[in-house]
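Observations on the model geometry
Okay, here's what each chain looks like letter by letter:
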Amino acid sequence: MKLKTLLTASAATLLCSTVASAGTLDDVKAKGYIDCGVTTGLAGFASPDDKGEWAGFDVDFCRAMAAAVLGDAKAVKFTPTTGKTRFPALQSGEVDVLARNTTWTFSRDTDLGFEFVGVNYYDGQGFMVKADLGVKSALELDGASVCIQTGTTTELNLADYFRANNMSFTPIVIEDNAEARQNYESGACDVYTTDRSGLAATRVVLANPDEHVVLPEIISKEPLGPLVRHGDNQWGDIARWTLNAMVTAEELGVTAANVGEMKNSNNPEIRRLLGTEGDLGAMIGLDNEWAARAIAAVGNYGESYDRNIGPNTPLGLARGVNALWTKGGILYSPPFR
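Read on for a plain summary of the structure. The shown structure was predicted, so the numbers you read here are calculated from the model rather than taken from an experiment. (Residues numbered from 1 in each chain as written. Predicted model: local features only at pLDDT ≥ 70, side-chain atom pairs only at ≥ 80, totals over all residues. Heavy atoms only, no water.)

**Points about the pairing of strand β8 (residues 125-130)**
Burial analysis of β8 places six of its six residues in the buried class, the great majority of the element. Here β8 pairs with strand β11 (residues 191-195) via five bridges, running antiparallel. When the sheet's bridge partners are listed, Gly-126 is paired in β11 with Thr-194. Where β8 meets strand β12 (residues 212-214), three bridges bridge the pair, whose relative direction is antiparallel. The residue bridging Lys-130 from the neighbouring strand is His-212, located in β12. (Buried < 20%, exposed > 50% of the residue type's maximum accessible area, 1.4 Å probe, protein only. Helix = DSSP H or I, 4+ residues; strand = E, 2+ residues; numbered from the N terminus. Pairing = 2+ DSSP bridges.)

Spelled out as structure tokens, the structure:
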């Protein structure tokens with residue numbers, strides 16, 4: 001019996017080792033691209049242009065990963081997902097990573113079997129209404145009809161907020177942001193609720209943005225970030241440290257334009273980040289210039305933020321808490337060492 005048990009345990013260990021060795025990194029290298037799950041279209045974060053080219057803040061993260069892993073920022077297939085389809089797409093292996101304005105929650109991280117690799121945008125849920133309604137506060141929305149995307153954290157947040165404030169509402173359930181915009185703009189609902197960044201992205205594509213206002217209340221914490229499947233630690237490390245590399249690069253002054261020059265820096269952390277010192281790449285199955293390629297492809301975190309969603313873009317999102325910890329925000333990367 002002892003011998004049989006020992007053999008069974010050895011077989012299980014061998015099986016686990018075999019499964020672990022055939023991870024997402026190997027799959028990605030074999031097919032030659034990363035399949036990245038994104039939104040069906042959200043201005044500033046992920047949306048295709050008239051030629052089908054995807055761009056945005058979340059898109060930049062996917063391209064940074066492709067540059068790090070494959071040496072080509074364009075080696076990405078973008079798979080549009082809704083709030084309902086995004087998790088099955090990741091669970092089934094249809095996509096390799098999800099970068100889709102997704103809130104990090106306890107149940108998603110544990111019960112659904114995902115691994116959030118960090119936060120790339122700290123957000124909170126809000127409300128948008130037509131200015132001519134004269135509403136100044138979410139506390140004036142008793143009895144309103146509210147457009148809300150199914151399969152999102154906003155559903156529970158909305159119910160909790162209205163219940164806590166003894167208000168009622170009629171939910172108008174929709175699948176994606178495009179449907180929400182159509183229903184809201186046509187008057188099928190009085191209010192649209194989602195993350196405030198999503199409201200800003202929706203507002204700028206309305207026919208007359210100035211006729212719509214985002215109310216001041218923020219009713220939740222929505223730490224948004226990329227996620228991968230549980231169990232593939234190497235792939236999770238690659239995704240996590242690609243995001244950290246972009247944040248660290250901003251803190252250390254490394255940009256898309258100066259990354260080559262900065263390889264000669266005397267700063268040890270810059271040298272480790274860019275691969276001219278140490279052997280960090282080998283620890284995650286990549287060469288030592290993986291982070292340098294990612295930064296050269298899309299820039300550091302601040303460059304990506306400013307280009308896609310920052311104060312000088314149509315979305316006009318101030319950095320706020322998404323500023324570096326050295327500049328009054330809470331954005332912070334563990335050290336590269």
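Back to the write-up after that little detour.
**Some words on the pattern of salt bridges**
Tallied over the entire structure, the rule returns eleven salt bridges. Its salt-bridge partner being Asp-60, residue Arg-307 comes within 2.6 Å of it at the nearest N-O pair. Of this pair, Arg-307 sits in helix α14 (residues 301-308) while Asp-60 sits in helix α3 (residues 57-70); the two residues are 247 residues apart in sequence, bridging distant segments of the chain. Using a relative accessible area of 8% as the deciding quantity, one classes Asp-60 as buried. Arg-319 is paired through a salt bridge with Glu-250; the nearest N and O atoms lie 3.0 Å apart. (Salt bridge = Lys/Arg side-chain N within 4 Å of Asp/Glu carboxyl O.)

**Thoughts on the environment of Lys-136**
Tracing the backbone shows Lys-136 in the loop between β8 and β9 (144-149). Along the backbone, Lys-136 and Val-213 are 77 residues apart, and their C-alpha atoms lie at a distance of 8.9 Å. Apart from the residues within four sequence positions on either side, Lys-136 is in contact with Leu-215 and Pro-216. (Contact = heavy atoms within 4.5 Å.)

**Observations regarding the nonpolar core**
Among the nonpolar cores identified, the biggest contains 60 residues, and Trp-235, Val-254, Leu-273 and Leu-274 are the most heavily contacted of them. If we ignore the near neighbours within four places in the chain, the residues touching Val-254 are Ala-249, Val-259, Met-262, Ile-270, Leu-274, Ile-295, Asn-300 and Glu-303. Residues Val-129, Val-135, Leu-158 and Ile-219 belong to the second largest nonpolar core, which totals 15 residues. (Core = buried A, V, L, I, M, F, W, Y, C linked by side-chain atoms within 4.5 Å.)

**Observations concerning the packing of aromatic side chains**
Per the stated rule, a full pass over the model turns up 16 aromatic pairs. Between Phe-87 and Phe-114, the aromatic rings sit 5.4 Å apart at their centres with planes inclined by 35°, giving tilted as the arrangement. In this pair, Phe-87 is assigned in helix α4 (residues 86-91) and Phe-114 in strand β6 (residues 114-116), connecting sequence segments 27 residues apart. Taking the relative accessible area as the measure of exposure, Phe-114 reaches 0% and is therefore buried. (Phe/Tyr/Trp six-rings, centres within 6.5 Å; stacked < 30°, edge-to-face > 60°.)

**A look at the packing of α3 against helix α13 (residues 290-298)**
One can describe the packing of α3 onto α13 by two numbers: an axis separation of 7 Å at closest approach and a directional angle of 140°. With respect to each other, α3 and α13 are oriented oblique. The way α3 lies across α13 gives a crossing that is right-handed. For the pair α3 and α13, contact is made by Asp-60, Arg-63, Ala-64, Ala-67 and Ala-68 and by Trp-290, Arg-293, Ala-294, Ala-297 and Val-298, respectively. (Axes fitted to C-alpha atoms, helices over the stretch in contact; angles between N-to-C directions. Parallel < 35°, antiparallel > 145°, perpendicular 65-115°, else oblique. Left-handed = near helix turned anticlockwise from the far one by under 90°.)

**Side note on the state of the cysteines**
In this structure the tally under the stated criterion is two disulfides. Disulfide pairing places Cys-36 opposite Cys-62 at an S-S distance of 2.0 Å. One end of the pair, Cys-36, is in strand β1 (residues 34-38); the other, Cys-62, is in helix α3, with 26 residues separating them in the sequence. Residue classification places Cys-36 among the buried residues on the basis of a relative accessible area of 0%. Overall, Cys-62 belongs to the buried group, its relative accessible area being 1%. What pairs with Cys-147 in a disulfide is Cys-189, and their sulfur atoms sit 2.1 Å apart. Of note, the bridge from Cys-147 to Cys-189 carries an S-S torsion of about -105° and is left-handed in sense. Placement of the pair is Cys-147 in strand β9 and Cys-189 in the loop between α7 (177-186) and β11, with a sequence separation of 42 residues. Given a relative accessible area of 0%, Cys-147 falls into the buried group. (Disulfide = S-S within 2.5 Å.)

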